[in-house]
Amino acid sequence: MEREIDLKEISDGRLYTANDMVKAGCNECAGCFSCCQGMGNSIVLDPYDICALEEGLKTTFEKLMEDKIELNVVDGIIQPNLKMQGEKECCAFLNGEERCSIHGFRPGFCRMFPLGRVYEGDSFRYFLQIHECVYPVKTKVKIKKWLEIPELAKYEAYIRAWHFFLKDVQKIVRETQNDAVIKSINLYLLKLFYIKPYEDFIDEKGGDFYQQFYERLEEAKKAVKS
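Residues numbered from 1 in each chain as written. Predicted model: local features only at pLDDT ≥ 70, side-chain atom pairs only at ≥ 80, totals over all residues. Heavy atoms only, no water.

*Asks:* Please clarify how the nonpolar core should be interpreted in this entry.
*Replies:* Nonpolar side chains in soluble globular proteins tend to end up buried together. Ranked by internal contacts, the top residues of the largest apolar core, which has 55 residues, are Tyr158, Phe165, Phe193 and Phe209. When neighbours within four sequence positions are excluded, Phe193 is seen to be in contact with Pro47, Trp162, Phe165, Tyr198, Phe213, Arg216, Leu217 and Ala220. (Core = buried A, V, L, I, M, F, W, Y, C linked by side-chain atoms within 4.5 Å. Buried < 20%, exposed > 50% of the residue type's maximum accessible area, 1.4 Å probe, protein only. Contact = heavy atoms within 4.5 Å.)

Shown next as structure tokens:
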């Protein structure tokens, strides 16, 4: 999900790479869960996020849809997001002790917070949101360590590929006036990238999520342009 933002108003004015240090450390939140509530439908999940949740919870997309995630239209494309629930509008994965029950395989947006991404050309850099996290005294931490994502270079390449593919699809959706075509594209992408399971998220034989994702991406590029 892209937003029109003024970096001067919400950030420290700098752009970072994964090897840079940022003042984001919050002592493992120290009991705070402010960023796990009242987020509406803003925690959009990409295919890697869903795959990690299915693997970590030994579940399926259909099961997650029962009470943990929901579907919304984001810039013309149907995508899943974390579901907020209860009077406090808390994340459905927050446990009874108000801690994240999926921390080890939490979504990319959660891993980044309070960082964001700025896309430039065919790549992106990170920025630090200075008004989002309420923890008072933050420490410096390397972004790579903060994200805790295996094979980060592969992950970042995947993020770029997914982002720019969605941008292309959004353009197609904007330009077509046929509701049936838009619905067909959305259902196709939802089934291909989210509902259809990925085999062996990561295994010792080299078959992993990324290989399967790129195969599906090439299929989707041909299908949506035809």
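The rest of the description comes next.
*Asks:* What exactly am I supposed to notice about the packing of aromatic side chains here?
*Replies:* Two numbers describe a pair of aromatic rings. These are the distance of the centres and the angle of the planes. Inspection of every chain in the model, using the stated rule, returns 22 aromatic pairs. Ring geometry for Tyr48 versus Phe209: centroids 5.3 Å apart, planes at 90 degrees, classification edge-to-face. One end of the pair, Tyr48, is in helix α2 (residues 47–57); the other, Phe209, is in helix α8 (residues 209–225), and 161 residues separate them in sequence. The pair formed by Tyr48 and Phe209 is uniform in burial state, with each residue classed as buried. Pairing Phe124 with Tyr126 gives two aromatic rings, centres 5.4 Å apart and planes at 90 degrees, and the pair type is edge-to-face. Here Phe124 matches Tyr126 in class, with each residue buried. The ring of Tyr198 has Arg216 sitting right over it, with the charged end atom 3.7 Å from the ring centre. (Phe/Tyr/Trp six-rings, centres within 6.5 Å; stacked < 30°, edge-to-face > 60°. Helix = DSSP H or I, 4+ residues; strand = E, 2+ residues; numbered from the N terminus. Lys NZ or Arg CZ within 6 Å of the ring centre and 35° of its normal.)

*Asks:* Just checking my understanding: could you explain unusual backbone geometry for this structure?
*Replies:* Excluding glycine, residues mostly carry a negative phi; peptide bonds, for their part, are mostly trans. At the junction of Phe113 and Pro114, the peptide bond is cis and its omega measures out at 5 degrees in the coordinates. For Pro114, the location among the structural elements is in the loop between α4 (108–112) and β6 (115–120). In the Ramachandran plot, Asp75 falls in the positive-phi region, its phi being about 50 degrees despite a non-glycine side chain. As for its placement among the helices and strands, Asp75 is situated in the loop between β2 (69–74) and β3 (77–82). Of note in the backbone geometry, Glu148 takes a positive phi value of approximately 55 degrees without being a glycine. Structurally, the position occupied by Glu148 is in the loop between α5 (143–147) and α6 (152–175).

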